[in-house]
Protein chains: 2
Amino acid sequence: MAKAKNLVVAQSGGPSPVINNSLRGLVEAARGYPQIGTIYAGWHGIEGVLKEELLDLSGQPPEEISLLRATPAAGSIGTCRYKLLEKNKEDFDRAIEVLKAHDVGYLFYIGGNDSMDTAHKMSVVAAERGLDLVATGVPKTIDNDVGDSEFKIIDHTPGYGSVARYWACGVLGANEENAGSSPADPVLVMQAMGRKIGFIPAAARLADPERRMPLQIYMAESKVTLEQLAANVNDQLKRDGRCMVVVSEGFDVGKFGERRDSFGHVQFGSSETTVEQTVVNYLNQAGLATRGAARGNVPGTDQRHAMIYASHTDLEEAYQLGLKATLVALNDGGGFMSTILREPGAAYRVRYDKVPLQLVANSERKFPQAWIAPSRCDVTDDFVRYARPLIGDEWVALPIENGVPRFARLEKTFAAKKCKAYVPMAYRK
Amino acid sequence: MAKAKNLVVAQSGGPSPVINNSLRGLVEAARGYPQIGTIYAGWHGIEGVLKEELLDLSGQPPEEISLLRATPAAGSIGTCRYKLLEKNKEDFDRAIEVLKAHDVGYLFYIGGNDSMDTAHKMSVVAAERGLDLVATGVPKTIDNDVGDSEFKIIDHTPGYGSVARYWACGVLGANEENAGSSPADPVLVMQAMGRKIGFIPAAARLADPERRMPLQIYMAESKVTLEQLAANVNDQLKRDGRCMVVVSEGFDVGKFGERRDSFGHVQFGSSETTVEQTVVNYLNQAGLATRGAARGNVPGTDQRHAMIYASHTDLEEAYQLGLKATLVALNDGGGFMSTILREPGAAYRVRYDKVPLQLVANSERKFPQAWIAPSRCDVTDDFVRYARPLIGDEWVALPIENGVPRFARLEKTFAAKKCKAYVPMAYRK
């Protein structure tokens, strides 16, 4: 039998409430196979590989690895927004140098389309440099934008179901607020994540599939003007005396002092103002059809780290996708992402499979136009049928210590450094 | 035995996650006494009394009244920000007219200092007009600003413990986010409610009593400039590479396009921008000591309607205060608010008592200066000892239906109108 090779797992992009459960699935599966030696995490993703900061996961107490199930976001091993650019050959050379120095034979990348592209490129470069590297992807994104618009590459991405549940529960609570406080605050505007794709704001509909609430949903894809939005809100105020608006951070309100990250993506949380604020100000300046004022919430990153809202189904699926990725890497070799596909039929059933990284990297999912209601400020029942099973049917159990959740506490034990210090190319002056 | 008199309960001001449990305690106690006839709620508080919109609570299915326990905010009976002004004699006359017409002998007011003042005035005016009215208060406010600074009138207000728990849990999740995403987003600014009093932002410390996290807390009382705040943040960045900032909506950042309500209070959620945004923009424009940008969350009203974060202790105490108010009204007559006092000793124990409405109305609680740490951006262990028991030790059980919480659904059954239509004075052109 061949000598065991070490494993590195890295994350990229914005986190999710269940990302650590994919990590846990991967670690719990990998530690059972003799082909796999020490399991490391790139501390803050590929940045940790470049800087040779490899967190030792094999040496962590098993109970802390177990607690990853109930630990949201990426504090345990870190994430980053660092992009390995093809032109930055030195970064690739360095990554291979570090992986070779630590006898790494398995690279797992937990992330979205960009990450699958990076994983694919790493495996190609490794082969060119004489490193036998099994590169495998695990899907993750709250936006549900990994894969194709036909749901054949992947049905949905882990993370989405939990953020969908956040919004379903959140809007239900907001409805009690808005109904109660409507004499003074008849309009409540809430800003949802998801950039240019509307799956997250759309999930607000799960709070009220029967459409009993005065709820309007504006996605980036709605293509509605602020004027039309205000007219819609005032119509609702005339009918119901109150209105809740869920608006995507990617909804077009013109300029709002956008700040961009190294991928060129707008950093909505760091910009000079928000879409929510722009909508609230527009409504208040234009004037409401009732007494009182519009007000707003921007939950921001809370959407992706409020662990108590995690979907039980999502949590389980995230785990299974981590586990499946390990099995695919061992049985089928590199170049694949583990995936989840929905079985036909009325009852919700899924199966886990694999799909080539390259196929994922080159795909682009859009929110189906057919799921946007004719009003442009709602989604259809077909969307509800798609999304409803993803939020599950129960609260997840979260252990409590001293009155607050007890999250995993990994020891900051790193592999001994073997290479020279290195400054990632994008970080040089 | 005297003929039974009807009861009206009304709420005022911003809601809380546990306000409905005080209502439930009151209703469940009141319906057991023959002295009390039909139980009505003023639909949207005193506005419902003025408009003769009296929701029939006696006729509601008992299981829906039970569900008030798990139902946040004020959607069930409504709240308002309408102030009965002494100069607006007509409003008082009208309120008395409606109460007389519906044979009301008991008026319960759930609210803060202003509400206790209103309840007191109503009982005085009723006596002048020959209406024998028992007016009783039930304390409610997430801000914990009811009563005195010495905690002798009341130890803490129902609602506060739940919002404190929201922040304790929320900051813990935010810490996983900030730790994970710090290469791109090293600073996370979160805006807390509480207006000019710092109990809510202070509760963020309950996420980390041992001070392991890079967490800074800015209350209105901190009296720190934006320049000093930025210097503190940059010091933290140099030490830890990341920083979380919890800032009160009442923290002084200069002008931010404030909008005010009929009480003259700033409506933070409806203003042109937010304290959080001002802080984020200041930090990003001044420049951070590390790579990346500051970003922010404004959870807004979510703080007071996210039922899943409700403190078990708070929930129980809110119920007991509703129940106690009913007993006080029946045994001691009008003019009191039910109150909660802490027993001396290390273990957390409380007792319920009564306190004159007038004493509450004329009191003003401030956040104890001694509980602000010398750094001005933290609180002391004495505050932690005060607040820790209030968040309880477990998650509340919330019934789920179709994947989301099942809140109470009261029937909109109103008392038949007996008076002429009336437009409240403040609502006239």
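Just above, that's the structure.
The text that follows walks through the structure, step by step, so that each part is easy to find. Every residue gets a number counted from 1 within its own chain, in the order that chain's sequence is written. Labels follow written order: the first chain is A, the first ligand is 1, and so on. For a predicted model such as this one, the threshold for reporting local features is a pLDDT of at least 70, and the threshold for listing and counting side-chain atom pairs is 80 or more; totals across whole chains, interfaces and linings nevertheless cover every residue. Each side-chain value is worked out from all heavy atoms of the structure, with water and hydrogens disregarded.

Our next topic: the relation of the copies chain B and chain A. In superposing the copies, a least-squares fit is computed on C-alpha atoms, taking residues whose pLDDT is at least 70 in both. The transformation that overlays chain B on chain A combines an axial shift of 0.0 Å with a rotation of 180°, and the residual RMSD is 0.0 Å. Taken together, the turn and the small shift mark the pair as related by a two-fold rotation axis. Contacts: residue pairs with any heavy atoms within 4.5 Å of one another. Interface residue correspondence from chain B to chain A reaches 100%, placing this contact among same-surface, isologous pairings.

With that settled, consider the packing of aromatic side chains. Working definition: rings of Phe, Tyr and Trp (its six-membered ring) pair if their centres are within 6.5 Å, and the pair is stacked with planes under 30 degrees apart, edge-to-face with planes over 60 apart, and tilted otherwise. Going through the model one piece at a time under the given rule, you end up with 35 aromatic pairs over all chains. Three or more aromatic residues link up through ring pairs in this structure, and these residues are Tyr166(A), Trp167(A), Tyr309(A), Trp395(A), Tyr166(B), Trp167(B), Tyr309(B) and Trp395(B). Put simply, a charge is over a ring when the Lys NZ or the Arg CZ is close to the ring centre, within 6 Å, and near the line of the ring normal, within 35 degrees. The cationic tip of Arg165(A) hangs over the ring face of Trp395(A); the distance from NZ or CZ to the ring centre is 4.2 Å. Positioned above the aromatic ring of Tyr427(A) is the side chain of Arg291(B), whose terminal nitrogen or guanidinium carbon lies 3.4 Å from the ring centre.

Let's shift gears to the interface of chain B and chain A. Taken residue by residue, the interface counts 77 residues in chain B and 78 residues in chain A. Summed over both partners, the accessible surface that disappears when two parts come together, traced with a 1.4 Å probe, is what is meant by buried area. Taken over both partners, the interface formed by chain B and chain A buries close to 6,000 Å², and the fraction arising from carbon and sulfur atoms is 50%. It is Glu176(B), Arg295(B) and Trp395(B) that lose the most area in chain B upon contact with chain A, and together they represent 10% of the buried surface on that side. Should a side-chain nitrogen of Lys or Arg be within 4 Å of a carboxyl oxygen of Asp or Glu, the pair is scored as a salt bridge. Along the contact surface separating chain B from chain A lie 2 salt bridges. Among the ionic pairs, Glu177(B) bridges to Arg304(A), the shortest N-O distance being 2.6 Å. Here a polar contact is taken to be a pair of N or O atoms separated by no more than 3.5 Å, where protein atoms must pair a possible hydrogen donor with a possible acceptor and residues adjacent in sequence count only if both atoms sit in side chains. The interface formed by chain B and chain A holds 32 residue pairs in polar contact (both at pLDDT 80 or more) in total. Elements are defined by DSSP. Helices are runs of H or I of four residues or more, strands are runs of E of two residues or more, and each kind is numbered from the N terminus. At the level of elements, helix H6 (160-181), helix H9 (275-286), strand S9 (294-297), helix H10 (302-305) and strand S13 (404-405) of chain B are the ones that each hand at least two residues to the side of chain B that touches chain A. Sorting elements by how many residues they give to the side of chain B that touches chain A places H6(B) first, with 13 residues. When the residues that make up the side of chain B that touches chain A are grouped by side-chain class, the tally is 32 nonpolar, 28 polar and 17 charged. Side-chain classes are defined by residue name, with Ala, Val, Leu, Ile, Met, Phe, Trp, Tyr, Cys and Pro counting as nonpolar, Asp, Glu, Lys and Arg as charged, and the others, Gly among them, as polar.

This next bit is on the state of the cysteines. What we call a disulfide is simply a covalent bond connecting the sulfur atoms of a pair of cysteines. Criterion for a disulfide: a pair of cysteine sulfur atoms within 2.5 Å. In the structure shown here, the tally under the stated rule is 0 disulfides over all chains. The thiol of Cys169(A) is unpaired, and the distance to the nearest cysteine sulfur, on Cys169(B), comes to 15 Å. For the exposure calls, accessible area comes from a 1.4 Å probe over protein chains only, and a residue counts as buried if that area is under 20% of its type's maximum, exposed if over 50%, partly exposed in between. Taking the relative accessible area as the measure of exposure, Cys169(A) reaches 6% and is therefore buried.

Taken together, the side chains of Lys196(A), Lys223(A), Lys255(A) and Arg260(A) make up a positively charged region of the molecular surface. Under the relative-accessibility criterion, Lys196(A) is labelled exposed at 61%. A patch consists of residues whose relative accessible area exceeds 30% and which take part in no salt bridge; residues with like charges are grouped when within 9 Å of each other, and nonpolar side chains (Val, Leu, Ile, Met, Phe, Trp, Tyr) when within 5 Å. A 1.4 Å probe and the Shrake-Rupley method give the accessible areas. Residues count as covered only by the protein chains that appear here. When charges are counted, neither His nor the chain ends are considered; positive counts come from Lys and Arg and negative counts from Asp and Glu. Lysine's charge is taken at NZ, arginine's at CZ, aspartate's at CG and glutamate's at CD.

A separate point is the sheet that holds strand S6 (residues 187-192) of chain B. Residues and elements named next belong to chain B. Pairing between two strands requires that DSSP report at least two bridges joining them. Ordered in space as S7-S8-S6-S9, the 4 strands form an open sheet in which the pairing is parallel. Since the sheet does not close on itself, it has two edges, and those belong to strand S7 (215-218) and S9, each with one partner. Strand-to-strand, the axes of this sheet are offset by a mean angle of 20°, without reference to chain direction. Summarising the sheet, S6 and S9 pair through 4 bridges and their orientation is parallel. Note that in S9 the partner of Val189 across the bridge is Gly296. Throughout, an axis means a line fitted to C-alpha atoms (over the contacting stretch in the case of helices), and angles, computed between N-to-C directions, take values from 0 to 180 degrees.

This part is about the packing of helix H1 (residues 19-30) of chain B against helix H11 (residues 312-332) of chain B. Axis angle and axis distance: for two packed helices, these are the angle between their axes and the distance between the axes, and together they describe the pair. All names here are of chain B. Contact geometry for H1 and H11: axes closest at 7 Å, N-to-C directions at 40°. With respect to H11, the axis of H1 lies oblique. Where H1 crosses over H11, the two elements pack in a sense that is right-handed. Residues Asn21, Ser22, Arg24, Gly25, Leu26, Glu28, Ala29 and Ala30 of H1 form the contact with H11, whose participating residues are Leu315, Glu316, Ala318, Tyr319, Gly322, Leu323 and Thr326. The residue inventory of the contact of H1 with H11, partitioned by class, reads 7 nonpolar, 5 polar and 3 charged. Note that the term roughly parallel is reserved for angles under 35 degrees, roughly antiparallel for angles over 145, roughly perpendicular for angles of 65 to 115, and oblique for everything else. Whether a crossing is left-handed or right-handed is set by the direction in which the near helix is turned from the far one by less than a right angle, anticlockwise for left-handed and clockwise for right-handed.

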